[in-house]
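Survey of secondary and tertiary structure
These are the residues of each chain, in order.
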Amino acid sequence: MSIFACLLDAAASGSITRLFDCVQSRRVAAERERTQVAFTIAAVALAAKMARADGRATEDEFRTFERLFRVPEAERTNAARFYRMAKSSIAGFETYAKQAAEILGRGSPAAEDLCAALLEIAATDGVTGPELDYLARVAERLGVGEDAMAALRWARLGPAAGD
């Protein structure tokens, strides 16, 4: 509802409370949208940098990203453009991991899900040591513990040497 619709509704009902409720509802919706955009940017960057961590970011990894992250149709072109820019190096991933942690909550199930998605992207063309190192650094910043990461690796890749 636009601010003018809020005003008209409040005037028609004679209720100032209705105006405040409407304005608050608009504020909450705007904050939710900003949070969604911030998370999308962080997820796109972390996924692109995951693809680059082994030295080569493939189109198959991009398709895996598209399958795992549901980017709104209206934003697909922008997301693809940002992904292609972000995949140039892993530099700066810390900022995006911090942003994701703030949105999802450090160590939350959603943060673990993000790590699982990044591992899935890495597995697209075979997981390498540099990718596991990158993922460990991201997981640390997301507050996802070593035990949780070991479980994710085991579930996706099978037991590690020595398990």
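Residues numbered from 1 in each chain as written. Predicted model: local features only at pLDDT ≥ 70, side-chain atom pairs only at ≥ 80, totals over all residues. Heavy atoms only, no water.

1. A word on the environment of Leu 157
Selection criterion: For helices the rule is a DSSP run of H or I covering at least 4 residues; for strands it is a run of E covering at least 2, with both sets numbered from the N terminus onward. With a 1.4 Å probe rolled over the protein chains alone, any residue whose accessible area is under 20% of its type maximum counts as buried; one over 50% counts as exposed, and the rest are partly exposed. When checking whether two residues touch, look at their non-hydrogen atoms; a contact exists if any pair is within 4.5 Å.
Positionally, Leu 157 belongs in helix H8 (residues 146-157). Take Leu 157: its relative accessible area is 39%, and that puts it in the partly exposed class. Linking Leu 157 and Gly 126, residues 31 residues apart in sequence, is a C-alpha distance of 9.7 Å. Discounting chain neighbours no more than four positions away, the residues touching Leu 157 are Leu 119, Ala 123 and Val 127.

2. With respect to helix H3 (residues 59-68)
Stated formally: This arc describes the spread of directions from the helix axis toward the C-beta atoms.
For H3, every residue scored as buried is listed here: Glu 61, Phe 62, Thr 64 and Phe 65. All buried residues of H3 lie within an arc of 155° about the axis, which places them on one face of the element.

3. Digging into the pattern of salt bridges
Which entries qualify depends on this criterion: Salt bridge criterion: a side-chain nitrogen from Lys or Arg within 4 Å of a carboxyl oxygen from Asp or Glu.
All chains considered together, the criterion is met by ten salt bridges. With its nearest N and O atoms 3.7 Å apart, the salt bridge here joins Asp 125 to Arg 56. Here the residue Asp 125 occupies a position in the loop between helix H6 (109-123) and helix H7 (129-142), and Arg 56 occupies one in the loop between helix H2 (16-52) and H3, the gap between them amounting to 69 residues. Among the residues examined, Asp 125 registers a relative accessible area of 23% and is labelled partly exposed. Residue classification places Arg 56 among the partly exposed residues on the basis of a relative accessible area of 39%. Close ionic contact of Glu 66 with Arg 76 constitutes a salt bridge, the shortest N to O distance being 3.8 Å. Here Glu 66, found in helix H3, pairs with Arg 76, found in helix H4 (residues 76-86); they are ten residues apart in sequence, far enough to count as distant. What makes Glu 66 partly exposed here is its relative accessible area of 30%. Overall, the relative accessible area of 31% leaves Arg 76 in the partly exposed class. If you follow the salt bridges from partner to partner, you end up with Asp 54, Arg 56 and Asp 125 in one network.

4. Looking at the environment of Met 50
Relative to the assigned elements, Met 50 resides in helix H2. Sequence separation between Met 50 and Lys 87 is 37 residues, and the spatial gap between their C-alpha atoms is 7.9 Å.

5. A short note on the nonpolar core
The condition that has to hold: The term nonpolar core refers to a set of buried residues drawn from Ala, Val, Leu, Ile, Met, Phe, Trp, Tyr and Cys, joined through side-chain atoms within 4.5 Å.
Leu 46, Phe 65 and Leu 142 are the most contacted members of the largest nonpolar core, which has 41 residues in total. Mapped by element, the contributors of at least two residues to this core are H2, H3, H4, helix H5 (93-104), H6, H7 and H8. Those residues in contact with Phe 65, other than ones at most four positions away along the chain, are Ala 43, Val 44, Ala 47, Val 71, Tyr 83 and Ile 121.

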